[in-house]
Amino acid sequence: VTASFATGALLLSMALALLTHGLASSYLVRQREASTVRQAAVNARLVQSALRQPGLPVLATLASLEGPAESDQVIAWNGGWASSSVEVGPKQLPDGLRQQVLDGRAGRQRFELDGESRLAVGVPLPEVRGAYFEVFSFAELEATLRTLLASVLAAGVVTTVAGALVGRWASRAALRPLTEASAAAAAIAGGRLDTRLPPDDASLAELAKSFNAMVDALQTRIQRDARFASDVGHELRSPLTTLAATTEVLAGRRDELSERGRRAVDLLSAEVAHFQRLVEDLLEISRADAGTLDLVLEEVRLAELAVRSGPVARARLRVAESPGAEGARVRVDKRRFEQVVANLVNNAVRHGGGVDRVAVEPAGDRPGRVRLVVEDRGPGVPETERERIFERFSRGVGGGDRGLSEGAGLGLALVHEHVRVHGGTTWVEDREGGGARFVVELPSVPP
Amino acid sequence: MVTSILLIEDDDRIRSALRLALEDEGYTVHEAASGESGLAAFAERPVGVVLIDVLLPGIDGFDVCRRLRQDSDVPIVMVTARDESQDVIAGLEAGADDYLAKPVNAKVLAARIRALLRRAKAFAGPGSRRARLAFGQVEVLPDDGVVRVAGDEVHLTKTEFRLLVELASTPGRVFSREQLLETVWGYDYFGDGRIVDVHVRRLRVKIEPDPAAPRHVLTVRGRGYKLAGS
């Protein structure tokens, strides 16, 4: 902004300077020409009357003439010539003018002599059959004009710089509220909901008031939403505790039940477990939304963490460390990360026909990062679904290819959320030879 | 021997359900519906383990825990309605040995109780590693469950005591939180490291001359804790 203002000011002041100079110089030149012509006419009359008095030396006449120092006079008279200076003689006069005046018509002409611009004015002297020329040099005038040009240009530059500085200061002052507001808006978008504009700044007062009111409303709204999810989760915890405990009691007496009773208890147990996971995930994700996750970060070997996480341990899966990722360590909240691994494995079991491979791999061309991959041999995830499956309550691939109600949940959304708060990224891609390959990329701890 | 559990929980249904489940696991369960009645029941008939719900009408779970701790080192498990740090730490600071977040899984709860009882018993029987441990002004008699600081006996809970004995078994060796959770609490890999931190803090208050600048139980940043070598 400042630069464009400065450029504009520079162009404008230069244009004004040149225009001023142009007008001034043409005015001065015209003035000088006019006065030269007038003076030449006066001098011509003097010379003519002097020449009519015989005996008066021509040169003395010339010397007696009035006129500025920078003019030279040339007189043609009685077929001879006389000149007031050695520089300018009849030969130096422009031919056309000389001839025209000798023929009896007055005239004037600009011409160059020795690199100087001059004006020659010729007046015929009919009474003595001669002619009077006055040659005026513009050298001094041009020097003056050059000085004038230099000074108006300098004034232009000074004006521009001053203008730029003032403009910069003024635009800063004018834009500062906007700059602060946009910084605050960015902070809020980044999740720092307690950001406010200082209300005591006079230049900001109005903006700050409405801005802060808006953020207050937004914050209340967001907190209410997060609190609602969290309250729902907490309210569900008590009945769920009762449900889970009594279901366990029933399951423990499975053998005492009839065939139908057993089937009912099995269904109940499975759904209570699912319900329990769902509520825990809901609480976890509402904590993430409210920014109250408080992570307990510890440094661990990624492969060891993966191999110890619930479903991996239960299925006795191996977790390979690919070359380049041997002993890779990460700084994570173990409980949360165990959930990440468990959810990925559970997802593979439900939608990919079981886990094919869990491995720790180097992050290709990205040093300082490491990947955990969970691969299955299922149908894979179509391109269009790859973002969506990490959304909350998105149905799995193909919608209803499951016999259970399980999975329409928060598992992958929670994976995504947890990995994000650990400074990592999650995505799914095609596994070589068919199937899905879920990748979690995390910053690694330098060895 | 059948272990009895005192269950302090105000929600009738949860109390009944947990009672059924814990009885199935082989425990005798006594119920109390409020903090006051729980304290009274404990005074009348001591039990092996106390389970306290944090949210109780009247005096809350933290207070019940603190009052029990005044003259008993009975193993205490807090049942929190939420597992946010605040509640967990407050419960542990109040003197609980362990915590569980609702919804409580009865199998997990039973496993925790078994682990607590196991280590509580470890001091009752013989077979402790060393007869006497001493460092600075502190003297530990593992077999008798006695700790003296500058000659005066200091009362530690069973968990604090085990933690101290574990650290003192090899002075100078660094124990990670996981190791301590495994050996002292009987946890698997995914125990909560905050339990260790809070217990170390409580231990320091009891045995360090200046708990803010510990000389015996030292923190090794990013790795764990150790007892200063002699």
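What counts and how
- Numbering of residues starts from 1 in every chain and runs along the sequence as written.
- The naming scheme follows written order: chains are lettered A onward, ligands numbered 1 onward.
- Totals for whole chains, interfaces and linings use every residue, but because this is a predicted model, local features are given only for residues with pLDDT of at least 70 and side-chain atom pairs only at 80 or more, for both listing and counting.
- With hydrogens and water set aside, each side-chain value is computed from the structure's full complement of heavy atoms.
- We count a stretch as a helix when DSSP gives it H or I for four or more residues in a row; a strand needs E for two or more, and each element gets its number in order from the N terminus.
- The length a helix should cover is 1.5 Å for every residue beyond the first.
- Working definition: with a 1.4 Å probe on protein chains only, accessible area under 20% of the residue-type maximum means buried, over 50% means exposed, and in between means partly exposed.
- Whether two strands pair depends on DSSP finding at least two bridges between them.
- Angles shown run from 0 to 180 degrees and are taken between the N-to-C directions of axes, each axis being a line fitted to C-alpha atoms and, for helices, limited to the stretch in contact.
- We call two residues contacting when some pair of their heavy atoms lies within 4.5 Å.
- Note that patches include only residues with greater than 30% relative accessible area and no salt bridge, and the join distances are 9 Å for like charges and 5 Å for nonpolar side chains (Val, Leu, Ile, Met, Phe, Trp, Tyr).
- Note on areas: Shrake-Rupley, 1.4 Å probe, and residue coverage restricted to the protein chains presented here.
- A carboxyl oxygen of Asp or Glu within 4 Å of a side-chain nitrogen of Lys or Arg is what we treat as a salt bridge.
- Buried area adds together the accessible area that both of two parts lose upon being put together, with accessible area traced by a 1.4 Å probe.
- In the analysis that follows, any N or O atom pair within 3.5 Å is treated as a polar contact, provided that within protein one partner can donate a hydrogen and the other can accept it, and provided that, for residues neighboring in sequence, both atoms belong to side chains.

Novice: For this particular structure, what's the right way to read helix H8 (residues 193-207) of chain B?
Specialist: Along an α-helix, residues three or four positions apart point the same way, because every turn accommodates 3.6 residues. All names here are of chain B. For H8, with 15 residues, the first-to-last C-alpha span of 21 Å sits near the 21 Å given by 1.5 Å per residue. Burial runs high along H8: eleven of the 15 residues are buried. Every buried residue of H8 is listed here: Gly193, Arg194, Ile195, Val196, Val198, His199, Val200, Arg202, Leu203, Arg204 and Ile207.

Novice: What's the story with the pairing of strand S12 (residues 224-227) of chain B in this structure? I'm lost.
Specialist: Each regular strand carries side chains that alternate between the two faces of the sheet. All names here are of chain B. Summarising the sheet, strand S10 (residues 174-175) and S12 pair through two bridges and their orientation is antiparallel. Note that in S12 the partner of Phe175 across the bridge is Tyr225. In this structure, strand S11 (residues 217-220) lies alongside S12, joined through four bridges in antiparallel fashion. In the sheet register, Val217 faces S12, and the bridge partner there is Leu227.

Novice: Sorry if this is basic, but what is going on with the sheet that holds strand S5 (residues 98-101) of chain B here?
Specialist: Strands pair in a sheet through their backbones, by hydrogen bonds, and they do so in one of two ways: parallel or antiparallel. Residue and element names in this part refer to chain B. The strand order S2-S1-S3-S4-S5 describes an open sheet built from five strands, whose pairing is parallel. On the outer flanks of this sheet lie strand S2 (28-32) and S5, each paired with one strand and no other. Within this sheet the neighbouring strands show an average axis-to-axis angle of 20 degrees, counted without direction. Across four bridges, the pairing between strand S1 (residues 4-8) and strand S3 (residues 49-53) is parallel. In the strand pairing of S3, Leu6 is matched with Val50. Of the strands in this sheet, S1, S2 and S3 are in contact with helix H1 (residues 12-24), which crosses S2 at around 165 degrees.

Novice: I tried to follow a nonpolar patch on the surface on my own but got confused; where do I start?
Specialist: Residue and element names in this part refer to chain A. Judged by side-chain polarity, Leu10, Val157, Val161 and Leu165 come together as a nonpolar surface patch covering roughly 330 Å² of accessible area. By residue number, the principal contributor to the nonpolar patch is helix H4 (residues 139-189), which donates three residues. Residue Leu165 is classed as exposed on the basis of its relative accessible area of 55%.

Novice: Looking at this structure, how should I read the interface of chain B and chain A?
Specialist: How large an interface is tends to be reported as the accessible area lost when its parts come together. Contact residues are listed per partner, giving 27 residues for chain B and 26 residues for chain A. Between chain B and chain A, a total of about 2400 Å² is buried, with carbon and sulfur atoms accounting for 52% of that surface. The interface formed by chain B and chain A includes two salt bridges. Among the salt bridges present, the one from Arg253 of chain A reaches Asp24 of chain B, with a minimum N-O distance of 2.5 Å. There are six residue pairs in polar contact (both at pLDDT 80 or more) connecting chain B and chain A. Among the elements of the structure, H1, helix H5 (106-122) and helix H7 (177-185) of chain B are those that each provide at least two residues to the side of chain B that touches chain A. If you tally residues by element for the side of chain B that touches chain A, the top one is H1 of chain B, at seven residues.

Novice: What's the story with the sheet that holds S10 of chain B in this structure? I'm lost.
Specialist: Residue and element names in this part refer to chain B. Pairing is antiparallel across the open sheet formed by three strands, whose spatial order is S10-S12-S11. The open sheet has two edge strands with one neighbour each: S10 and S11. Sheet contacts for helix H6 (residues 158-169): S10, S11 and S12; angle to S12, the most-contacted strand, approximately 70 degrees. In the packing of H8 onto the sheet, the strands contacted are S11 and S12, and the crossing angle to S11 comes to about 145 degrees.

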